[in-house]
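# Working through the structure, step by step
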Amino acid sequence: MAGVLENIKKRASLKNKNIVLPEGEDSRVVVAAAQAVKEGLAKVTLLGNPEEIAKANPTVDLSGVNVIDPVTYAKTDDYAAILFEARKGKINKKTGLPEYADIPAARASILKDYTMYAALMLKAGDVDGLVSGACHSTANTLRPGLQVIKTMPGINTVSSSFVMIAPEGYNEYIPDGVAVFADCAINIEPDAQQLADIAISSAETAKSIAGLEPRVAMLSFSTKGSGNDDKFFKSVPKMQEATAIAKAQAPDLILDGEFQFDAAVAPEVGKLKAPDSKVAGNANVFVFPNINAGNIGYKIAQRFGKFLALGPICQGFAKPINDLSRGCSVEDVIAVIAITALQAE
Ligand SMILES: CC(C)(COP(=O)(O)OP(=O)(O)OC[C@H]1O[C@@H](n2cnc3c(N)ncnc32)[C@H](O)[C@@H]1OP(=O)(O)O)[C@@H](O)C(=O)NCCC(=O)NCCS
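Residues numbered from 1 in each chain as written. Predicted model: local features only at pLDDT ≥ 70, side-chain atom pairs only at ≥ 80, totals over all residues.

### A word on the overall build of the protein
- Helix and strand counts for the protein stand at 13 helices and 11 strands.
- For 345 residues, the compact-globule estimate of 2.2 N^0.38 gives 20 Å, and the protein sits close to it at 21 Å.
- Here the protein holds 345 residues, and the buried ones make up 49% of them. (Helix = DSSP H or I, 4+ residues; strand = E, 2+ residues; numbered from the N terminus. Rg over C-alpha atoms; globule rule 2.2 N^0.38 Å. Buried ≥ 20, exposed ≤ 12 C-beta atoms within 10 Å, placed from the backbone.)

Following this line, the structure appears as structure tokens:
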């Protein structure tokens, strides 16, 4: 883990990106903000009332951190106008009314939701990436981004992946010691098109974050038609269709499927079951058919295989946003700041 993370941090610091942290009320975030700046990983913008932050964190030196108080900041009206414009015509599912009646309503709303405020700073180009979720749920962290940042060109699905780091000295199936698993955290039952998006985005994460040459396997309980589930979930035809869509959408990508996990990683099984495939037997990016398979799969690798799981790393947003776990440590926040900086254009 240390080697992979150190490498990520080194590359992130060369980019000198500005990352916004909307959770100034959380001491772990405040300490991480100061530490990330001290380490030169990124410029950091922290949202909150400067006096309250200083009072709650008297020993933290925030001199290098740009603390912005949305209540008094000169651009708050601009952000409210951007939100109103971006969400015009959208109806609130609970009330059946427009999400924002007017710009003052949008202003009042962002002063209660600093994650949305930060997403608007990102949309306006005033920061390069957003990290939140230390004290907000995944849904409340990602929704602002889904609503106003949207997806990058050519991708219609925001998804997530884990960079899985093999235990020291163990690389029987992955010579680089690193693999990527997706989507284990966001899309619950992706359709074929969404799985193709997840595959393409995960290949990008494998390249930009894990430093891998991606070889993507679309996973199933079937290898090249060996199994069938026409009666139940139709998951085999779904993975076959996803494979075809991804190949058409990204013809240069080394991607194939559908594969059982052993056919994807073990050369002898790959050769036997899919002799013509460039991916069978040597995949390093694994796309699971749904969140159940993905989430269970990464936890098996973590617990039985002693792999370290770095993530979930969000992918597919037009500009980078990442979600922290509510149990995160200061070190976790710093790592996610570095990953987000690395994802920024
Ligand atoms: C990601 C998630 C939070 C979105 O939930 P939501 O806010 O209820 O989503 P909605 O269906 O109301 O959609 C809100 C907007 O986001 C968009 N959206 C939702 N999911 C999206 C995705 N994966 N990619 C791109 N856009 C997406 C919708 O199109 C919609 O856009 P619009 O309002 O402009 O029309 C939801 O899928 C979720 O909770 N996933 C599981 C997360 C989880 O519990 N993970 C466990 C952590 S280990």
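### Let's talk about helix α9 (residues 235-249)
- Its 15 residues give α9 an end-to-end C-alpha distance of 21 Å, which sits within 8% of 21 Å, the value for a rise of 1.5 Å per residue.
- Along α9, the positions that sit buried rather than exposed are V236, K238, M239, A242, T243 and A246. Down the axis, α9 shows its buried residues gathered within 160° of arc, on one side only.
- Against the buried residues of α9 lie α8 (192-208), β7 (215-219) and β8 (254-259). (Expected span 1.5 Å × (residues − 1). Arc of directions from axis to C-beta. Contact = placed C-beta atoms within 7 Å.)

### Let's talk about the sheet that holds strand β6 (residues 178-182)
- Read across the sheet, six strands follow the order β8-β7-β9-β6-β5-β10 without closing on themselves; strand pairing throughout is mixed. Among the strands making up the open sheet, the edge pair consists of β8 and β10 (308-315). Averaged over all pairs of adjacent strands, the angle between their axes in this sheet comes to 20°, without regard to strand direction.
- The pairing of β6 with strand β9 (residues 285-287) spans three bridges and is classified as parallel. When the bridges of β9 are listed, F181 appears paired with F286.
- Contacts from α8 reach β5 (159-165), β6, β7, β8, β9 and β10 within the one sheet, and its direction differs from that of β9 by about 160°.
- Helix-sheet contacts for helix α12 (residues 291-303) involve β5, β6 and β10, and the interaxial angle to β6 is about 150°. (Pairing = 2+ DSSP bridges. Axes fitted to C-alpha atoms, helices over the stretch in contact; angles between N-to-C directions.)

### Structural notes on the nonpolar core
- Within the largest apolar cluster, 107 residues are counted, with the highest numbers of intra-cluster contacts made by A33, M164, A199, A217, F286, V287 and I337.
- With nine residues, the single largest contributor to this core is helix α13 (residues 330-343).
- Looking at which domains feed residues into this core, each of domain 1 (2-150 + 321-343) and domain 2 (159-312) supplies at least three.
- In contact with A199, not counting residues within four places along its chain, are V216, M218, A242, A246, L255 and V287. (Core = buried A, V, L, I, M, F, W, Y, C linked by C-beta atoms within 7 Å. Domains from an automatic or database assignment.)

### So, the domain arrangement of the protein
- Taken as a whole, the protein is organised into domain 1 (2-150 + 321-343) and domain 2 (159-312).
- One C-alpha centre belongs to domain 1, the other to domain 2; they are set 31 Å apart.
- On the domain 2 side, the residues contacting the seven residues of domain 1 number eight residues.
- Listing elements by their share of the side of domain 1 that touches domain 2, those giving two or more residues are α1 (2-15) and α13.
- Grouping the amino acids of the side of domain 1 that touches domain 2 by side-chain chemistry returns four nonpolar, two polar and one charged. (Nonpolar A, V, L, I, M, F, W, Y, C, P; charged D, E, K, R; others polar.)

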